[in-house]
Amino acid sequence: MSSPSRHILTAPAWPYANGPRHIGHVSGFALPADMFSRYQRMAGNQVLMVSGTDEHGTPIQVQADKEGVTARALADRYNRVIAEDLLGLGMSYDLFTRSTTGNHYAIVQELFKGLYDNGYIFPKTTMGAISPSTGRTLPDRYIEGTCPICGYDGARGDQCDNCGNQLDPIELINPVSRINGETPKFVETEHFMLDLPAFTEVLGRYLRGKQGQWRPNVLKFALNLLGDMQPRAISRDLDWGVPIPLDGWRDNAAKKLYVWFDAVVGYFSASVEWARRSGDPEAWRAWWQDPEALSYYFMGKDNIVFHAEIWPAMLLGYNGQGDRGGQPGSLGGLNVPTEVVSSEFLTMEGKKFSSSRQVVIYVKDFLDRYDVDALRYYVAVAGPENQDTDFTWSEFVRRNNDELVAAWGNLVNRSVNMAAKNYGAIPEAGDLTDADRALMHRSQKAFGAVGAELERSRFKNAITEALDVVRDANKYLSDQAPWKLKDDPDRVQSILHTALQVVDDAKSLLTPFLPNSSQKVYELLGGEGEWSGMPRLEIVSEEGGPDYPILTGDYATAARWESTPIKPGVPLAKPTPLFTKLDPSVADDELARLEQP
Ligand SMILES: [Zn+2]
């Protein structure tokens with residue numbers, strides 16, 4: 001019946017290390033990836049979930065300049081903050097690392113060389129800025145002017161923060177140096193380009209093969225990109241980044257690989273780092289080279305272009321599978337993504353999240369005030385899975401109280417409480433009635449239905465199905481009313497046994513979404529040790545480098561995706577509430593916080 005164990009790579013997008021994460025961020029890349037991974041592990045598959053902080057590029061350098069610290073110091077600070085945010089959310093990474101490791105540099109350079117040797121990277125003479133007074137190269141971030149696309153007058157040489165478009169300094173209207181206000185001089189300079197048009201055909205075949213598998217919005221967006229593939233610059237006039245691994249370039253302090261080029265390689269470099277830390281340096285190959293292995297990339301929709309177009313093109317080029325042919329690089333051919341699972345955007349109280357405008361709730365603040373499972377529940381049931389979605393505090397409070405507390409928490413509480421009071425242990429079942437059997441059958445069957453939805457990252461359907469089992473069990477208890485059957489103790493025993501079995505099943509069905517409260521239910525019913533594993537933060541180092549924090553964990557725990565018979569006789573104690581009921585004033589308090597200057 002069950003399919004053999006598969007190797008599944010879960011690749012949540014790399015958060016950019018320029019500040020703490022807010023709940024809009026983590027509803028896209030993080031929590032869906034964790035729900036998917038926890039389910040796949042329970043179903044018996046070999047999951048590798050890897051990611052890290054993305055730490056290069058102009059925005060980090062600009063912010064560091066502003067604060068008078070080094071880019072590295074700024075990246076160190078937010079790498080740690082973000083790792084702690086993700087730890088608090090229970091993100092079950094096998095490895096959460098960072099893009100400033102020596103391992104990452106080496107793997108990025110290997111990908112570059114493979115692409116270069118196969119002819120998919122070529123140099124191009126473009127116009128670069130120099131300072132007329134010193135004759136030195138002016139990094140992109142030090143040039144400011146008017147955006148040629150939207151007219152914003154504070155655009156930087158590499159990007160307009162108003163419209164989000166990537167720019168070249170020479171495109172700016174009225175460019176000036178931010179160092180001394182002079183007008184930069186543009187002279188011929190060389191950069192490297194990725195030859196994306198050489199992948200139009202092979203990417204088209206790849207994407208058309210995903211019809212009916214990927215979310216329609218994602219596939220439509222990716223297919224549209226194919227209509228206008230242009231070579232894309234992969235180096236910049238910037239000193240903060242991965243060096244270009246060619247003679248004459250390696251030591252050039254003023255030119256580095258563009259941050260997007262190194263960031264997408266992170267999924268692969270983190271897999272290699274994980275393998276080395278696991279004690280088997282070749283272990284990554286099972287996820288990247290076995291043709292049967294599957295890979296799922298999770299992100300917000302602003303990242304589709306990098307994951308559905310550019311990263312597959314880079315992998316195909318490294319493999320020698322674009323128009324120019326070629327040979328696989330020295331590590332061998334690498335698998336392209338099985339699916340790009342992109343979410344839409346989450347807004348908050350009708351507005352775009354904005355740290356500068358205080359329209360924000362950071363993960364840390366959220367977790368200081370509310371249960372992590374309440375957030376995970378909200379994202380699963382009401383997140384931006386298929387359309388832009390608004391987070392409101394009143395809806396958060398309503399769902400917490402009506403669904404988590406009143407439905408699931410109440411089912412656990414009243415069934416365990418009654419059994420604890422009457423027997424002090426899980427009771428034996430006597431003769432079962434049709435109603436008992438129907439409910440047990442219902443919850444057993446749900447493993448197939450909920451699992452099928454989770455396989456396809458349909459979290460909203462999946463958690464709704466799981467909650468339906470809970471609602472049916474509550475209705476069953478109300479219909480059977482064991483509290484009215486004092487003269488029929490055998491019948492009471494059978495009802496409570498049935499209810500506890502379904503509580504145990506529902507706990508398993510809800511584990512991918514609610515791992516913390518599922519652990520509590522597991523222990524209530526006599527389970528020992530870890531049910532679904534939790535990440536831990538460790539401090540590690542690599543040869544010759546500084547210490548840094550990683551997230552990792554041991555996820556080979558008890559949780560299984562199946563109904564397990566409960567054991568009569570296991571002692572039961574009066575339960576404490578699973579979730580905290582929130583006063584409706586919480587919504588007003590949070591809105592008042594948003595309106596503070
Ligand atoms: Zn603009």
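Residues numbered from 1 in each chain as written. Predicted model: local features only at pLDDT ≥ 70, side-chain atom pairs only at ≥ 80, totals over all residues. Heavy atoms only, no water.

Give me the overall build of the protein: which residues, what numbers.
Counting secondary structure elements, the protein contains 18 helices and 17 strands. Relative to the globule expectation of 25 Å for 597 residues, the C-alpha radius of gyration of the protein, 27 Å, shows essentially globular dimensions. Projected onto its principal axes, the C-alpha positions of the protein cover 100 × 55 × 45 Å. The buried share among the 597 residues of the protein stands at 57%. Split by element, the accessible area of the protein, about 24,400 Å² in all, is 48% carbon and sulfur. Side-chain charges of the protein comprise 60 positive and 79 negative groups, with the mean position of each set lying 2 Å from the other. (Helix = DSSP H or I, 4+ residues; strand = E, 2+ residues; numbered from the N terminus. Rg over C-alpha atoms; globule rule 2.2 N^0.38 Å. Buried < 20%, exposed > 50% of the residue type's maximum accessible area, 1.4 Å probe, protein only. Areas by Shrake-Rupley, 256 points an atom, 1.4 Å probe, with all protein chains shown as cover. Lys, Arg positive; Asp, Glu negative; His and termini not counted. Charge placed at Lys NZ, Arg CZ, Asp CG, Glu CD.)

Can you tell me about the coordination of the zinc ion, naming the residues and giving the values?
Around the zinc ion, the protein contributes the donor atoms Cys 147 (SG), Cys 150 (SG), Cys 160 (SG) and Cys 163 (SG), at 2.3 Å from the metal centre. Here the zinc ion binds four donor atoms, and the angle range of 106 to 117° at the metal identifies the geometry as tetrahedral. All donors to the zinc ion come from one chain, and their sequence spacing reads C-x2-C-x9-C-x2-C. You can see Cys 147 sitting in the loop between strand 5 (143-146) and strand 6 (155-156) and its partner Cys 163 sitting in the loop between strand 6 and strand 7 (173-177), a full 16 residues away along the chain. Residue Cys 147 is classed as buried on the basis of its relative accessible area of 2%. (Donors = N, O, S within 2.8 Å, 3.2 Å for Na, K, Ca; no water. Tetrahedral: all angles 85-135°; square planar, octahedral: opposite > 155°, others 65-115°.)

Any chance you could break down the pairing of strand 12 (residues 294-300) for me, citing the residues and the numbers?
Counting buried positions over the seven residues of strand 12 gives seven, a clear majority of the element. What you see with strand 12 is no split at all: Leu 294, Tyr 296, Phe 298 and Gly 300 on one side and Ser 295, Tyr 297 and Met 299 on the other are buried throughout. What joins strand 12 to strand 13 (residues 339-343) is helix 10 (residues 304-319), and the crossover it makes is right-handed. (Right-handed = clockwise from strand over helix to strand, strands pointing away.)

Describe helix 5 (residues 102-117), with residues and values.
End to end, helix 5 covers 22 Å across 16 residues, agreeing with the expected 22 Å (1.5 Å per residue, within 8%). Inspection of helix 5 places Asn 103, His 104, Ile 107, Val 108, Gln 109, Glu 110, Leu 111, Phe 112, Gly 114 and Leu 115 among the buried residues, and these make up the whole buried set. Buried residues in helix 5 make contact with strand 3 (95-98), strand 4 (121-130), strand 8 (185-194), strand 11 (255-257), helix 8 (259-278) and helix 10. Note on helix 5: the residue one or two positions beyond its end, Gly 119, has a positive phi of about 85°. (Expected span 1.5 Å × (residues − 1). Contact = heavy atoms within 4.5 Å.)

Give a description of empty space enclosed by the protein that names residues and reports values.
A complete count under the given rule lists one cavity of 30 Å³ or more for this structure. If you add up the space inside the largest cavity, you get close to 80 Å³. If you trace the largest cavity, you find it lined by Ser 27, Pro 32, Met 35, Arg 215, Ser 343, Val 379, Ala 380, Gly 383, Pro 384, Glu 385 and Phe 459. Contributing elements (two or more residues each) for the lining of the largest cavity: helix 2 (31-42) and helix 12 (372-382). Class assignment of the residues belonging to the lining of the largest cavity gives a composition of six nonpolar, three polar and two charged. (1 Å grid on protein atoms, 1.4 Å probe; cavity = no way out; pocket = protein on both sides within 12 Å on 5 of 7 lines; lining within 4 Å. Points joined across faces, edges and corners; volume = space filled by probe spheres on them. Nonpolar A, V, L, I, M, F, W, Y, C, P; charged D, E, K, R; others polar.)

Give a detailed account of a negative patch on the surface, specifying residues and quantitative values.
The grouping of Asp 431, Asp 487, Asp 488 and Asp 490 at the surface amounts to a negative patch. Along the chain, the position of Asp 490 falls in helix 16 (residues 489-510). (Patch = residues over 30% accessible without salt bridge, like charges linked within 9 Å, V, L, I, M, F, W, Y side chains within 5 Å. Salt bridge = Lys/Arg side-chain N within 4 Å of Asp/Glu carboxyl O.)

Account for the sheet that holds strand 6, with residues named and values stated.
The three strands are arranged 6-5-7 in an open sheet whose pairing can be described as antiparallel. In this open sheet, the two edge strands, each paired with only one partner strand, are strand 6 and strand 7. Across three bridges, the pairing between strand 5 and strand 7 is antiparallel. In the strand pairing of strand 7, Ile 143 is matched with Ser 177. (Pairing = 2+ DSSP bridges.)

Quick rundown of the packing of aromatic side chains? Include the residues and the values.
Scanning all chains against the criterion turns up 32 aromatic pairs. Aromatic pair Trp 288 and Trp 311: ring centres 6.3 Å apart, planes at 80°, arrangement edge-to-face. Here Trp 311 lies in helix 10 and Trp 288 lies in helix 9 (residues 285-288), a separation of 23 residues in the sequence. Trp 288 sits in the buried class, given a relative accessible area of 1%. On the accessibility criterion, Trp 311 (0% relative accessible area) is buried. Among the aromatic residues, those joined into a ring-pair cluster are Phe 112, Tyr 116, Phe 192, Trp 249, Tyr 258, Trp 260, Phe 261 and Phe 306. If you follow Arg 232 out to its NZ or CZ, it ends over the ring of Trp 260, 5.6 Å from the centre. Above the ring of Trp 531, the side-chain terminus of Lys 507 is found at 3.6 Å from the ring centroid. (Phe/Tyr/Trp six-rings, centres within 6.5 Å; stacked < 30°, edge-to-face > 60°. Lys NZ or Arg CZ within 6 Å of the ring centre and 35° of its normal.)

Go over the packing of helix 3 (residues 58-67) against helix 4 (residues 71-88), please, and point to the residues and values.
Where helix 3 meets helix 4, the axes come as close as 8 Å, and the angle between the chain directions of the two elements is 105°. Overall, the two elements helix 3 and helix 4 adopt an arrangement that is roughly perpendicular. Taking contact as the criterion, the partners of Ile 60, Gln 61, Gln 63, Ala 64 and Glu 67 in helix 3 are, on helix 4, Ala 71, Leu 74, Arg 77 and Tyr 78. Of the residues belonging to the contact of helix 3 with helix 4, the class tally is five nonpolar, two polar and two charged. (Axes fitted to C-alpha atoms, helices over the stretch in contact; angles between N-to-C directions. Parallel < 35°, antiparallel > 145°, perpendicular 65-115°, else oblique.)

Describe the environment of Ser 131, naming the residues involved and giving the relevant values.
As for its placement among the helices and strands, Ser 131 is situated in the loop between strand 4 and strand 5. A residue is classified by how much of its surface remains accessible, and Ser 131, at 7% relative accessible area, is buried. Residues Ser 131 and Leu 315 lie 184 residues apart in sequence; the distance between their C-alpha atoms is 38 Å.

I'd like a description of the nonpolar core, backed by residues and values.
Grouped together as the largest cluster of nonpolar side chains are 180 residues, with contacts concentrated most on Trp 288, Trp 311 and Trp 408. Tallying contributions element by element places helix 13 (residues 393-422) first for this core, with 13 residues. Setting aside chain neighbours within four positions, we find Trp 408 in contact with Glu 403, Val 470, Val 503, Ala 506, Lys 507, Leu 510, Leu 514, Val 521, Leu 578 and Phe 579. The next biggest cluster of nonpolar side chains, apart from the first, holds nine residues, and it includes Leu 138, Cys 147, Ala 155 and Cys 160. (Core = buried A, V, L, I, M, F, W, Y, C linked by side-chain atoms within 4.5 Å.)

An account of the domain arrangement of the protein is requested, with residue identities and associated values reported.
Each domain of the protein was delimited in the assignment, giving domain 1 (7-138 + 184-343) and domain 2 (393-528 + 567-595). Distance between the C-alpha centres of domain 1 and domain 2: 42 Å. Taken together, the twelve residues of domain 1 in the interface contact eleven residues of domain 2. Taken together, the two surfaces of domain 1 and domain 2 that pack against each other cover about 1,100 Å², and 60% of this comes from carbon and sulfur. The largest per-residue losses of area from domain 1 upon contact with domain 2 belong to Met 35, Tyr 39 and Met 42, which jointly make up 46% of the total buried on that side. Linking domain 1 to domain 2 there are zero salt bridges. (Domains from an automatic or database assignment. Buried area = accessible area lost by both parts, 1.4 Å probe.)

Describe in detail the layout of surface pockets, supporting the description with residues and values.
As a volume, the second largest pocket reaches approximately 570 Å³. The wall of the second largest pocket is formed by 26 residues, among which Arg 41, Asp 94, Asp 554, Tyr 555 and Ala 556 lie closest to the centre. At the level of secondary structure, the elements contributing two or more residues to the lining of the second largest pocket comprise helix 2, strand 2 (46-53), helix 8 and strand 17 (548-552). The residue makeup of the lining of the second largest pocket, split by class, is ten nonpolar, nine polar and seven charged.

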